[in-house]
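# Residue-level structure breakdown
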Amino acid sequence: MTARYVDIHVLQTVPYANLNRDDLGSPKAVRFGYADRTRVSSQSWKRAVRRELEESSGDKAKRTRRLPQAIQARLTGSDWDSELAAFAATQVMATLATIAVKADGFKVDKATGEAQVLFYLPERAFDMLADVCVQQRDRLIGLRSGALKLKKGEAPLPADAVRAAMERRSDVINLFGRMLAELPGSNVDGAVQVAHAFTTHGTDPQVDFFTAVDDLKQDADQAGSGHMNSAEFSTGTFYRYASVNLEDLAHNLGDPATAVELTTAFLSAFITAMPQAKKNATAPFTVPELAYIAVRADRPVSLASAFETPVRATFDSGYAEPSRRQLAEYAGKIYRLIGDQGRVYHGCASVDDKGLEQLGETRQSFDNLIAAAVDKLRAK
């Protein structure tokens, strides 16, 4: 069988924390089954994974509306004064407007200097756009002075060079995709699908009332605090799931071998990455208790429904151990239903191997588990 998908399932217990807040500052939630759960959005955990991948590879990308400022910052200095650099940045945006399906998105707010759309580009793309300006410096000076006039519909800068920069990709963009409706040629279909994480059991947010002391109070007899407020936190064992489409990733990269290597990096980052919200106040840097990887030839298979009935803690234990057992039992039932014809490989690594027989072969570490799964990808 040819491996087409790599599914990764993680169980991770997080102590007192607020990894992902709603508009009121409370932990995000979802009602699943008959219980309210704490939730961490896929966007939040994807950002943590993305940043970890970028840090390990050195191939960083930025999501920003401040494209003009990024170009201006790269140009300012040397023989570029700030006014010429700022003008050059506006001409990049004007060039984008001439090649866009919808030019409005590339308009720049005069008050903030920000574009109306959010760009997602490798740092190399910002450098490429600045290089276009450097190569066209004389033309930009002419446009700025009025000595050079543009014909109707003419782009201020070479459109092909600007388009090439906007279509530039990084490994992370090839993984997670990119959408820019104004420039369809820059769009990249994501090869990774990430589910919202949620607790395997019901949760209730916990309110923390806190105070801050004013150290400069002059009167030692004054009681009370300089500031009082409250914040909400939660605890729980989270189920996390993601699936890599190997064919789509190979298409984005143009090389199946590179797709395997990038999948390896993604699996490792997905296990270890943590959202950073409230990290200074909670330090919630736990390690997952279990990771389960399945390589499939037919379709992705989420096991989220294992927790539609919420896990119940026993008198002398928490939620982590019964969550591991409930996941394994459910996986066994699902595999009996769909058969194992589409499964190329599956295995797990856990703090406790008891009761995990339905999750394939047991590995002693996350690294060993990933290596075993990736070997099946290379063998296809």
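For every chain, the first residue of its written sequence is number 1, and the numbers climb from 1 along that sequence. This being a predicted model, a pLDDT of at least 70 is required before a residue's local features are given, and a value of 80 or more before pairs of side-chain atoms are given or counted; all residues contribute to the totals for chains, interfaces and linings. Note that water and hydrogens are dropped before the side-chain values are worked out from all heavy atoms of the structure.

## Structural notes on the overall build of the protein chain
Cut-off, in case you're wondering: In DSSP terms, a helix is any run of H or I states spanning at least four residues, a strand is any run of E spanning at least two, and both are numbered starting from the N terminus. For every residue, the accessible area obtained with a 1.4 Å probe (protein chains only) is divided by the maximum for its type, and the residue is called buried under 20%, exposed over 50%, and partly exposed between those limits. Should any heavy atoms of two residues lie within 4.5 Å, those residues are counted as being in contact. Per-residue and other accessible areas follow the Shrake-Rupley method at a 1.4 Å probe size, with only the shown protein chains counted as cover for residues. When charges are counted, neither His nor the chain ends are considered; positive counts come from Lys and Arg and negative counts from Asp and Glu. Every charge is mapped onto a representative atom, which is NZ of Lys, CZ of Arg, CG of Asp or CD of Glu.
Counting secondary structure elements, the protein chain contains 12 helices and 12 strands. Looking at the 380 residues of the protein chain, the share that counts as buried comes to 46%. Contacts spanning at least 24 positions in sequence make up 74% of the contacts within the protein chain whose residues lie at least 6 apart. About 19,000 Å² of surface is accessible on the protein chain, with carbon and sulfur atoms providing 48% of the total. Taking the average place of the 47 positive charges on the side chains of the protein chain and the average place of its 48 negative ones, the gap between the two points comes to 5 Å.

## What about the confidence of the model for the protein chain?
Defined as follows: Scored from 0 to 100, pLDDT reflects the predictor's confidence in each residue.
When pLDDT is averaged along the protein chain, the result is 91, and 96% of the positions lie at 70 or above. By mean pLDDT, strand S8 (residues 206-212) is the weakest element of the protein chain at 75, and strand S10 (residues 290-296) is the strongest at 98.

## Digging into helix H8 (residues 246-253)
Here is the rule we go by: Note that the arc is defined by the directions from the helix axis to the C-beta atoms. A 3.5 Å cut-off defines polar contacts: any pair of N or O atoms within that distance qualifies, except that in protein one atom must be a possible hydrogen donor and the other a possible acceptor, and neighbouring residues in sequence count only when both atoms are side-chain atoms.
Within H8 the residues assigned to the buried category are Leu-246, Leu-249, Ala-250 and Asn-252. Seen along its axis, H8 keeps its buried residues to an arc of 160 degrees; they face one direction. By the N-cap criterion, in which a side-chain oxygen at the helix start approaches the backbone nitrogen of a residue two or three places on, H8 is capped by Asn-245, the distance to Glu-247 being 3.1 Å. Phi turns positive one or two residues past the end of H8, at Gly-254, with a value near 80 degrees.

## Describing unusual backbone geometry
Excluding glycine, residues mostly carry a negative phi; peptide bonds, for their part, are mostly trans. Despite not being glycine, Lys-278 has its phi angle at roughly 60 degrees, a positive value. Along the chain, Lys-278 falls in the loop between helix H9 (256-272) and helix H10 (279-282). You can call Lys-278 partly exposed: its relative accessible area is 28%. Even without glycine at this site, Ala-283 takes up a positive phi of about 45 degrees. With respect to the helices, strands and loops of the structure, Ala-283 is situated in the loop between H10 and S10.

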